[in-house]
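Notes for the structure review
Read off the chains here:
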Amino acid sequence: MRRAREERDALPDAESHSEGFRLTREARRGALVEDYVELIADLIEDGQEARQVDIAARLGVSQPTVAKMLTRLAGEGYVERRPYRGVFLTELGREMALESRKRHKTVEAFLIWLGVSPDTARIDAEGMEHHVSGETLEAFRKMMNRIEI
């Protein structure tokens with residue numbers, strides 16, 4: 001038993017270890033983009049225009065910060081800005097928003113399934129959704145379905 005624990009706790013080889021850190025850095029870089037795209041989709045689906053002022057208020061950041069990110073998102077093909085109108089998602093942006101929302105809902109549901117309060121699960125899922133792998137998400141889904149059936 002002790003040997004199995006020692007093997008599990010052993011430091012991974014350098015290549016495997018660096019891969020984990022690389023993936024985490026990629027997730028951090030993508031998290032902000034995903035948050036913006038998902039929020040824009042939510043605002044549009046709620047029947048509102050996704051305006052810079054509304055995005056800033058919901059994310060708790062300044063309008064210049066939002067303007068800078070919207071320029072980046074437009075450059076990367078996720079959004080389209082129209083003069084005197086709000087921000088709209090491109091097909092690429094809609095796909096990203098959908099995938100991000102699926103991950104968020106799975107993580108949130110799993111946390112609630114574990115007994116975490118809905119408010120805490122929603123907040124925690126907001127950060128975790130960007131870092132969880134497809135394999136882990138599938139394991140969450142399988143576990144919830146296995147037990148709930």
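Please refer to the structure placed before this passage.
Report on the accompanying structure. (Residues numbered from 1 in each chain as written. Predicted model: local features only at pLDDT ≥ 70, side-chain atom pairs only at ≥ 80, totals over all residues. Heavy atoms only, no water.)

Thoughts on the packing of helix α3 (residues 52–59) against helix α4 (residues 63–75)
Two elements in contact, α3 and α4, have axes whose closest approach is 9 Å; the angle formed by their N-to-C orientations is 110°. Taken together, the axes of α3 and α4 lie roughly perpendicular to each other. At the point where α3 passes α4, the crossing takes the right-handed sense. In contact with Gln52, Val53, Ile55 and Ala56 of α3, α4 contributes Gln63, Val66, Ala67 and Leu70. Looking at the contact of α3 with α4 residue by residue, the classes come out as six nonpolar, two polar and no charged. (Axes fitted to C-alpha atoms, helices over the stretch in contact; angles between N-to-C directions. Helix = DSSP H or I, 4+ residues; strand = E, 2+ residues; numbered from the N terminus. Parallel < 35°, antiparallel > 145°, perpendicular 65-115°, else oblique. Left-handed = near helix turned anticlockwise from the far one by under 90°. Contact = heavy atoms within 4.5 Å. Nonpolar A, V, L, I, M, F, W, Y, C, P; charged D, E, K, R; others polar.)

Details of the nonpolar core
Within soluble globular proteins, side chains that are nonpolar tend to cluster in buried spots. The biggest cluster of nonpolar side chains holds 20 residues, and the ones touching the most others in it are Val37, Ile40, Ile55 and Leu73. Breaking this core down by element, the ones donating at least two residues are α2 (14–45), α3, α4, β2 (87–89) and α5 (91–114). For this core, the leading source of residues is α2, giving seven residues. Excluding anything up to four places from it in sequence, Val37 contacts Leu73, Tyr78, Leu89, Gly93, Met96 and Ala97. Counting residues in hydrophobic clusters, the runner-up holds nine residues, among them Val107, Ala121, Ala125 and Met144. (Core = buried A, V, L, I, M, F, W, Y, C linked by side-chain atoms within 4.5 Å. Buried < 20%, exposed > 50% of the residue type's maximum accessible area, 1.4 Å probe, protein only.)

Quick notes on the packing of aromatic side chains
Tallying each qualifying case throughout the model produces two aromatic pairs. Arranged with centres 5.5 Å apart and planes meeting at 25°, the rings of Phe110 and Trp113 form a pair that is stacked. Of this pair, Phe110 and Trp113 are both found in helix α5, three residues apart, which corresponds to roughly one turn of the helix. A residue is classified by how much of its surface remains accessible, and Trp113, at 28% relative accessible area, is partly exposed. (Phe/Tyr/Trp six-rings, centres within 6.5 Å; stacked < 30°, edge-to-face > 60°.)

Some points on the side chain of Glu108
Secondary-structure assignment places Glu108 in helix α5. Here Glu108 sits buried without a salt bridge, and the closest side chain of opposite charge, Arg122, lies 5.7 Å off (N-O distance). Residues in contact with Glu108, not counting those within four places in the same chain, are Pro118, Ala121, Arg122 and Ala125. (Lys, Arg positive; Asp, Glu negative; His and termini not counted. Salt bridge = Lys/Arg side-chain N within 4 Å of Asp/Glu carboxyl O.)

As for unusual backbone geometry
One non-glycine residue, Tyr84, lies in the positive phi region at around 65°. Mapped onto the elements, Tyr84 comes out in the loop between β1 (79–81) and β2. Note on Tyr84: relative accessible area 87%, which makes it exposed.

Some details on the packing of α5 against helix α6 (residues 118–128)
Across the interface, α5 lies against α6 with an axial gap of 8 Å and an inter-helix angle of 140°. Considering their axes alone, α5 and α6 lie oblique with respect to each other. Once α5 is placed against α6, the crossing between them reads as right-handed. Counting all contacts with α5, which are made through His104, Val107, Glu108, Leu111 and Ile112, the residues of α6 involved are Pro118, Ala121, Arg122, Asp124, Ala125, Glu126 and Met128. Of the residues assigned to the contact of α5 with α6, the class counts are seven nonpolar, one polar and four charged.

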